[in-house]
Amino acid sequence: MDNLVDNYGWWLLALVLIAAEMIAPGYFMLWIGIAAGIMGLIALVAPAMPAIVQAILFGVLAIASCALYWKFIRPLAEQRDDQPLLNRRGEKLVGQRFVLVEPIVNGRGKVKVGDGSWLAEGPDLPAGSEVEVVAVDGTTLRVKARV
């Protein structure tokens, strides 16, 4: 019966760590929680394992699971080839042409984009000039004069 408490202890730790991940997301606690869950299974299969060996094995599993995430899973999760510009509206504007609604004076002005206007940086130009977006810096479009 003591062994059963040990197994539940590891699984309880796994649940606490995974719950902590839900409160403060970042994938770090999730993988340590998974290591604790695996350790619970190992403790179930090998009930006579001393506590120090369990602790060392848990440390190794935690490091290995985090390394597995950083090396293999994270790069796959960051690949979003189907819509690479999703939620990056400004980057979709690079290469497009617009008309200045306010002149660019001292390097700053405004460009009409759709039914709104965006800040623009570039060479001084009068209102009504056609410009091309060459880059985006946050919510500011970097433009050049369209010849």
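In this report, the structure presented in the accompanying data block is examined. Worth saying up front: this structure is predicted, and the values here are computed from it rather than measured. All chains use their own residue numbering, which begins from 1 and follows the written sequence. Given that this is a predicted model, residues contribute local features only at a pLDDT of at least 70 and side-chain atom pairs are listed and counted only at 80 or more, while totals for whole chains, interfaces and linings are drawn from all residues. Each side-chain value is derived from all of the structure's non-hydrogen atoms; neither hydrogens nor water enter the calculation.

Notes on the sheet that holds strand E5 (residues 140-145)
Item 1. What the five strands build is a closed barrel, ordered E1-E2-E3-E5-E4; its pairing is mixed. The average undirected angle you get between the axes of adjacent strands in this sheet is 50 degrees.
Item 2. Taken together, the three bridges between strand E1 (residues 97-105) and strand E4 (residues 130-137) define a ladder with antiparallel strand orientation. Bridging from a neighbouring strand, Arg97 pairs with Glu132 of E4. Note: two strands are recorded as paired if DSSP finds a minimum of 2 bridges between them. Helix and strand definitions here come from DSSP, where helices need a minimum of 4 consecutive H or I residues and strands a minimum of 2 consecutive E residues; each element is numbered from the N-terminal end. An axis is simply a line fitted to the C-alpha atoms; with a helix, the fit covers only the stretch in contact. Between two such axes, the angle follows the N-to-C directions and lies from 0 to 180 degrees.

Section: helix H2 (residues 28-45)
Item 1. The terminal C-alpha atoms of H2 lie 26 Å apart, and with 18 residues this matches the ideal 26 Å at 1.5 Å per residue to within 8%.
Item 2. We call a residue buried when its accessible area falls under 20% of the maximum for its residue type, exposed when it is over 50%, and partly exposed in between, using a 1.4 Å probe and counting protein chains only. Along H2, the residues classified as buried are Trp31, Ile32, Gly33, Ala35, Ala36, Gly37, Met39, Gly40 and Ala43. To estimate how far a helix should extend, the number of its residues minus one is multiplied by 1.5 Å.

Some remarks on the nonpolar core
Nonpolar side chains tend to gather and get buried jointly when the protein is soluble and globular.
Item 1. What is meant by a nonpolar core is a set of buried Ala, Val, Leu, Ile, Met, Phe, Trp, Tyr and Cys residues, joined one to another through side-chain atoms within 4.5 Å. Residues Trp10, Ile32, Ala35, Ala36, Met39 and Phe58 are the most contacted members of the largest nonpolar core, which totals 15 residues.
Item 2. Put simply, the parts of the chain that give this core at least two residues each are helix H1 (2-23), H2 and helix H3 (51-78).
Item 3. Here the element with the most residues in this core is H2; it accounts for six residues.
Item 4. Working rule for contacts: check all heavy atoms of both residues, and any pair within 4.5 Å makes them a contact. When sequence neighbours within four positions are dropped, the list of residues in contact with Met39 reads Trp10, Met49, Gln54, Leu57, Phe58 and Leu61.
Item 5. Formed by 13 residues, the second largest nonpolar core is a distinct cluster that contains Phe98, Trp118, Ala120 and Val133.

Some words on the packing of aromatic side chains
Item 1. Note on aromatic contacts: the rings of Phe and Tyr and the six-membered ring of Trp form a pair at centre separations within 6.5 Å, being stacked when their planes are under 30 degrees apart, edge-to-face when over 60 apart, and tilted otherwise. Scanning the entire structure with this criterion turns up four aromatic pairs.
Item 2. The interplanar angle of 45 degrees and the centroid separation of 5.0 Å between the aromatic rings of Trp10 and Phe58 together place this pair among those described as tilted. Of this pair, Trp10 sits in helix H1 while Phe58 is found in helix H3, placing the two residues 48 residues apart along the sequence.
Item 3. Residue classification places Trp10 among the buried residues on the basis of a relative accessible area of 13%.
Item 4. A relative accessible area of 17% places Phe58 in the buried class.

A few points about the side chain of Ser65
Item 1. Secondary-structure assignment places Ser65 in helix H3.
Item 2. Classification of Ser65 by relative accessible area gives buried; the value is 10%.
Item 3. The contact partners of Ser65, leaving out residues within four places of it in the chain, are Trp31, Ile32 and Ala35.

Focus on the pairing of E5
Working note: regular strand, side chains alternate between the two faces of the sheet.
Item 1. Pairing geometry for strand E3 (residues 116-121) and E5, over three bridges, is parallel. When the sheet's bridge partners are listed, Glu121 is paired in E5 with Arg142.
Item 2. Count of turn residues in the E4/E5 antiparallel hairpin: two residues, of which Gly138 carries a positive phi of about 70 degrees.

Structural notes on the packing of H2 against H3
Item 1. Closest axis-to-axis distance for the H2/H3 pair is 8 Å, and the angle between their directions is 135 degrees. The angle between H2 and H3 places the two elements in the oblique class. Here H2 and H3 pass one another in a crossing that is right-handed. Mapping the contact onto sequence places Phe28, Trp31, Ile32, Ala35, Ala36, Ile38, Met39, Ile42 and Ala43 in H2 and Gln54, Leu57, Phe58, Leu61, Ala62, Ser65, Cys66, Leu68, Tyr69 and Ile73 in H3.
Item 2. The residue makeup of the contact of H2 with H3, split by class, is 17 nonpolar, two polar and no charged. Each angle gets one of four labels, with under 35 degrees taken as roughly parallel, over 145 as roughly antiparallel, 65 to 115 as roughly perpendicular, and the rest as oblique. Each crossing gets its hand from how the near helix is turned against the far one by less than a right angle, where anticlockwise is left-handed and clockwise is right-handed. Only Asp, Glu, Lys and Arg are considered charged, only Ala, Val, Leu, Ile, Met, Phe, Trp, Tyr, Cys and Pro nonpolar, and every remaining residue, Gly among them, polar.

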